[in-house]
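Read off the chains here:
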Amino acid sequence: MADQIPLHPVPRSTQRRAAYYTSAPTAQRHNRYQVEDESSHLDEMPLMMSEEGFENDESDYHTLPRARISQRKRGLEWFICGGWKFLCTSEMIGTFPMNVDCSDWLINICRRKKELKARTVWLGCPEKCEEKYPKNAIKNQKYNIFTFIPGVLYEQFKFFLNLYFLVVSCSQFVPALKIGYLYTYWAPLGFVLTVTVVREAVDEFRRYKRDKEMNSQLYSKLTVRGKVQVKSSDIQVGDLIIVEKNQRIPSDMVFLRTSEKTGSCFIRTDQLDGETDWKLKVAVSCTQRLPALGDLFSINAYVYAQKPQLDIHSFEGTFTREDSDPAVHESLSIENTLWASTVVASGTVIGVVIYTGKETRSVMNTSNPKNKVGLLDLELNQLTKALFLALVALSIVMVTLQGFVGPWYRNLFRFLLLFSYIIPISLRVNLDMGKAAYGWMIMKDDNIPGTVVRTSTIPEELGRLVYLLTDKTGTLTQNEMIFKRLHLGTVSYGTDTMDEIQSHIINSYSQVHSQNSGNSTSSTPSRKLQSSAPKVRKSVSSRIHEAVKAIALCHNVTPVYESRAGVSGETEYAEVDQDFSDENRTYQASSPDEVALVQWTESVGLTLVNRDLTSMQLKTPGGHILTYYILQIFPFTSESKRMGIIVRDESSGEITFYMKGADVAMSTIVQYNDWLEEECGNMAREGLRTLVVAKKSLTEEQYQDFESRYNQAKLSIHDRTLKVAAVVESLEREMELLCLTGVEDQLQADVRPTLEMLRNAGIKIWMLTGDKLETATCIAKSSHLVSRTQDIHIFRPVTTRGEAHLELNAFRRKHDCALVISGDSLEVCLKYYEHEFVELACQCPAVVCCRCSPTQKAHIVKLLQHHTGKRTCAIGDGGNDVSMIQAADCGIGIEGKEGKQASLAADFSITQFKHIGRLLMVHGRNSYKRSAALGQFVMHRGLIISTMQAVFSSVFYFASVPLYQGFLMVGYATIYTMFPVFSLVLDQDVKPEMALLYPELYKDLTKYVTSTADYILEL
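Residues numbered from 1 in each chain as written. Predicted model: local features only at pLDDT ≥ 70, side-chain atom pairs only at ≥ 80, totals over all residues. Heavy atoms only, no water.

**Q** Sorry, what's going on with the sheet that holds strand 25 (residues 625-634) here?
**A** Pairing between sheet strands relies on hydrogen bonds along the backbone, with the strands arranged either parallel or antiparallel. Strand order in the open sheet formed by nine strands is 19-18-29-28-27-26-25-24-23, with antiparallel pairing between adjacent strands. Edge positions in the open sheet fall to strand 19 (492-493) and strand 23 (607-611), since each of these has one partner strand only. Examined bridge by bridge, strand 28 (residues 688-698) and strand 29 (residues 736-747) share eight bridges and lie antiparallel to one another. Each bridged residue has a counterpart across the sheet, and for V692 the counterpart in strand 29 is L740. (Pairing = 2+ DSSP bridges. Helix = DSSP H or I, 4+ residues; strand = E, 2+ residues; numbered from the N terminus.)

The following block contains the structure:
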């Protein structure tokens, strides 16, 4: 049957209609997968096909289900905002070649973008740059002095309501159409425009001041004549910039020198990636070894940097010093970079600028968020169009009853002007003032302290939500990691048996040191014996010893000691002979999981007391210091899902390769065992985050061979990442499995009752997380996102169209069950059966998507908006949730441990997840009901005066003369009736306590999610 599926060529118009499929992150699909024509039968193909229909290879399927895309509304706004490109493309196919259309030609002519290229940057010599690079100026302004007025006016007159009144007001300049004083029409319109222009001007001026403040910050620039002060906006590629502690880094730089003896420093990246943990950066060793700062100008060196890219977690480059014999070549990676908008947390750093302005990572990752317009505003705009049709119909009736005598067309237009109050201009003014009042009430609510309204134009959207998409870590959970479980394969230790581990560690190290004192030439003979005879079964004590030591060594954690005297509040690094006191030591790492593991090893007796670039020191329970030299370190990446480190024991000289990572990545690396998969599943069902720890002993010859191949791969310019990964993978074979760790992320306060309330309110909750499937499922159960009596359908991993088809069939037979699916399987389903999958998923009471990337999260939000037309809300606390928050109709950010990036990018900011209940049930519901009632009364007020005008004209033989003159008409819509009508913003049908007690009241509003007009008619 699959062989009979017709394949149709893709006409140009179909490609344009299905442009949705080419949007990020699925832009690559357009080249490989074609969208079927309207005559395709794939949509009608039942999802009950037998398995035999998919025996052919996947390459036989080059079709996709027909995109159910609603017809784009066409009008003046559509034409101005891009519709001309569609028309130009579709009608010029016969004129231009198939691969050229006039829209692309015009875009290339009018907005020719500069191609980004790799660059060679000479230290301290910006004049040697071959190309002109952008100015290092921050610009967040929306307009300039020439585009401010046109831009603001366009934003106002793209709404039919304002455009209508502009035409009506301009008609009063025609003597034959003039029916009153000019101020009768121009005063209300001028007031609305003045308020809007002043508000935009104030916001624009604030943005200008913020930009000027940032661009005027002074930095020390190192020159041949010494240090000079330079503004941030005047920094150029090739400059040597000195950045002090707690100072913002002005541009993307390569880290050359630091005042720290370790040759490294910490930076805070919470404004770049949303993570509050400090990051360790390493200076280029060649420049760090120079005796003095001024020696940077005495060497002839340059940095080769890759072209500017979006990825803030990777960098490829080389440092070359030409005046030495032989020339020095050093590989540069992400640990040698200092990105703009980060802050130096320790010491003073010197770097060479490689990217400036709009080519910096922070600016390239900053997308201009869309101006969110509430659905209520769009619906009222449509309602005014309906009122306009009623206005035209009424005017035609009046002219018809008049008998079309004389210049009837002039009378028709005069009647249109007389009845123009059917469409009240005060509607927008009242609604905007009401929204400002709603925002003020939300921020002044003592029951949700710390709540901030950042987008004051959409508070009523909080009362119309149908889908809530939430992050897991830091949103539903506290992002506070606590070590809970250690499993050695045959024995497991929990929180109540940690004292046994501590006693084993104390006994193990006491034996080691007693042996060392008896035989100074031999250290840890028991370990040497074990390494020489690995087949001998180890005792539980030795296995615990090896596991705890591996956890204490395999990490990227650095202990930081604060000065007791508090001099300048600066951080002091501990030396070996320093008293390592516990009270002033803190741990810094890029992951809270690693900090939890190191804190646990400290609790059982093995403490990390010092670390620099080349070594780390551990303190045993007896107070002895063990030193290990760091030979290589392989940081954790989302692709590898593991990290490793190679260390040399100072006392014995043994070289050991330690590695830890996710079970999916480590299961193929460690030696065969029969317990890892089962125990990982057991821990995940308890809600624990698991890590597999392994080790491998290396001889000196093995390590030297690896080091030469590794250094050669790091100097590669092309495909460096792949070459380095290949060399590292050569070591990752037959590693000895040491242990499995379990860390718990505790739930936020009152998560369970809040989710229960939202579910009773008719809101469907989807959890989108990057965590593993088992952990996500467990958190969904423990948080009561999925009730314990409810069935859960775990979507099997699928990679082909046939597998996806069969799994969808199995899922289709289930009723009222929650869905759990991984990001990879989701991508396959969306590739072939997008509409069918979304339709089935929307019927589920809850959906859990695990292993989701940030772009996938945003894509899921857009899918729900596109296929359901319902209002969506996204809530998160980290930088990886920003894209999802900005894509949703209503974005809510939580100020959490991962920083404020999500909070600053959101429309509403809260401090705890439980506050979302009151925000929606009370404030969201009230805002929508009040706005709808306010709109109804304002329209009713306009209909009253228009009805009086119609009666007056009918009595006087359908004469097109006004009933009231001058200020009476203006005062009717403002002074006389303003306050009674506007008092509706204080209306309250039920008390807040009742709205929280009976969330079903919120559900009554969601049935009007498709039309506010229906709700207004019921008021």
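**Q** Where do I start with the pairing of strand 12 (residues 328-332) in this structure?
**A** The side chains of a regular strand alternate, residue by residue, between the two faces of the sheet. Bridge analysis of strand 11 (residues 317-321) against strand 12 gives five bridges, and the strand direction is antiparallel. From the neighbouring strand, T320 faces strand 12, where its bridge partner is H329. Turn length for the strand 11-strand 12 hairpin, with the two strands adjacent in sequence and antiparallel, is six residues.

**Q** Would you take a moment to explain the nonpolar core for this structure?
**A** Across soluble globular proteins, nonpolar side chains have a tendency to be buried as a group. Residues F165, F419 and L934 are the most contacted members of the largest nonpolar core, which totals 43 residues. Looking at this core, the elements that each hand over two or more residues are helix 6 (160-171), helix 7 (182-215), helix 11 (375-402), helix 12 (408-418), helix 13 (426-443), helix 30 (915-955) and helix 32 (978-982). For this core, the element with the most residues is helix 11, which contributes seven residues. Apart from residues lying up to four places away in sequence, F419 is in contact with L391, L394, S395, M398, S946, Q949 and A950. L553, V604, L626 and I645 belong to the second largest nonpolar core, which has 42 residues in total. (Core = buried A, V, L, I, M, F, W, Y, C linked by side-chain atoms within 4.5 Å. Buried < 20%, exposed > 50% of the residue type's maximum accessible area, 1.4 Å probe, protein only. Contact = heavy atoms within 4.5 Å.)

**Q** Whenever I open this one, a nonpolar patch on the surface confuses me. Can you help?
**A** Taken together, the side chains of Y181, Y183, I944, M948, Y964, F967, L968, I975 and Y976 define a hydrophobic patch exposed on the protein surface, amounting to about 890 Å² of accessible area. Mapped onto the nonpolar patch, the elements with two or more residues apiece are helix 30 and helix 31 (967-976). Per-element tally for the nonpolar patch: the top contributor is helix 31, with four residues. Checked against the element boundaries, I975 lands in helix 31. Using a relative accessible area of 55% as the deciding quantity, one classes I975 as exposed. (Patch = residues over 30% accessible without salt bridge, like charges linked within 9 Å, V, L, I, M, F, W, Y side chains within 5 Å. Areas by Shrake-Rupley, 256 points an atom, 1.4 Å probe, with all protein chains shown as cover. Salt bridge = Lys/Arg side-chain N within 4 Å of Asp/Glu carboxyl O.)

**Q** What should I look at first to understand empty space enclosed by the protein in this one?
**A** Any empty space left between atoms is shown by rolling a water-sized probe over those atoms. Under the counting rule described, the total for this entry stands at seven cavities of 30 Å³ or more. Its boundaries defined by the atoms lining it, the largest cavity holds a volume of some 170 Å³. In terms of lining residues, the largest cavity is bounded by 17 residues, among which Y185, Y421, P962, Y964 and M969 are the most central. Mapped by element, the contributors of at least two residues to the lining of the largest cavity are helix 7, helix 12 and helix 30. The element contributing the most residues to the lining of the largest cavity is helix 30, with three residues. Taken together, the residues of the lining of the largest cavity sort by class into 11 nonpolar, six polar and no charged. Its volume calculated, the second largest cavity comes out at about 80 Å³. (1 Å grid on protein atoms, 1.4 Å probe; cavity = no way out; pocket = protein on both sides within 12 Å on 5 of 7 lines; lining within 4 Å. Points joined across faces, edges and corners; volume = space filled by probe spheres on them. Nonpolar A, V, L, I, M, F, W, Y, C, P; charged D, E, K, R; others polar.)

**Q** I would appreciate a short explanation of the packing of helix 25 (residues 823-832) against helix 26 (residues 834-841) in the present structure.
**A** Angle between the axes and distance between the axes: these two values describe a pair of packed helices. Two numbers describe how helix 25 lies on helix 26: the axes approach to 5 Å, and their chain directions differ by 120°. Classed by the angle they form, the pair helix 25 and helix 26 counts as oblique. Counted together, L826, C829, L830 and Y832 of helix 25 and E834, F837 and V838 of helix 26 form the full contact between these two elements. Across the contact of helix 25 with helix 26, the residue classes break down as six nonpolar, no polar and one charged. (Axes fitted to C-alpha atoms, helices over the stretch in contact; angles between N-to-C directions. Parallel < 35°, antiparallel > 145°, perpendicular 65-115°, else oblique.)

**Q** Just to check I follow, could you spell out the pattern of salt bridges for this structure?
**A** Once the charged atoms of two side chains with opposite charge are near each other, the side chains can pair. All chains considered together, the criterion is met by 25 salt bridges. Between K158 and E155 there is a salt bridge whose closest N-O contact spans 3.2 Å. E732 serves as the salt-bridge partner of R642, at 2.9 Å between the closest nitrogen and oxygen. Within this pair, whereas R642 is found in strand 26 (residues 642-649), its partner E732 is found in the loop between helix 21 (720-729) and strand 29, the two being separated by 90 residues in sequence. Take R642: its relative accessible area is 13%, and that puts it in the buried class. Given a relative accessible area of 9%, E732 falls into the buried group. A cluster of three or more residues bridged by salt bridges with shared partners is formed by D377, K435 and E460.

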